[in-house]
Amino acid sequence: MILVDAEIGEEVEPVVVDRATGRRVDGDDFVFTAGPAAGEIMRARYADTPKRRS
């Protein structure tokens, strides 16, 4: 499957951006980390990643 513009039929490249900054989130500037509901295993897995700011 590919995503196309429904009006003209041309293929589009979807991207995910940060709502606050408009920056693409597919680069090295972004990483996943454990969220507030994460269990012990998940917290251990992501112990070395930056912590979520409040």
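A.B. asks: Help me out: how do you make sense of the pattern of salt bridges in this one?
C.D. replies: Taken as a whole, this structure holds three salt bridges when the rule is applied. Between Glu13 and Arg24 there is a salt bridge, and its shortest N-O distance comes to 3.8 Å. Note that Glu13 is positioned in the segment before helix H1 (40-45) and Arg24 in the segment before H1, a separation of 11 residues in sequence. Take Glu13: its relative accessible area is 63%, and that puts it in the exposed class. Note that Asp26 and Arg24 form a salt bridge whose closest N and O atoms lie 2.8 Å from each other. Among the charged side chains, a salt-bridge network with shared partners connects Glu13, Arg24 and Asp26.

Each value, and the rule that gives it
- The numbers attached to residues start from 1 for each chain and follow its sequence in the written order.
- Restriction of local features to residues with pLDDT of at least 70 applies here, the model being predicted, together with a cutoff of 80 or more for giving and counting side-chain atom pairs; totals for whole chains, interfaces and linings are based on all residues.
- Side-chain descriptors were evaluated using all non-hydrogen atoms of the structure, hydrogens and water having been removed beforehand.
- We define a salt bridge as a side-chain nitrogen of Lys or Arg found within 4 Å of a carboxyl oxygen belonging to Asp or Glu.
- For the purposes of this entry, the term helix denotes a DSSP run of H or I that reaches at least four residues, the term strand denotes a run of E that reaches at least two, and both are numbered from the N terminus.
- Only protein chains enter the accessibility calculation, which uses a 1.4 Å probe; a residue is then buried when its area is under 20% of its type maximum, exposed when over 50%, and partly exposed in between.

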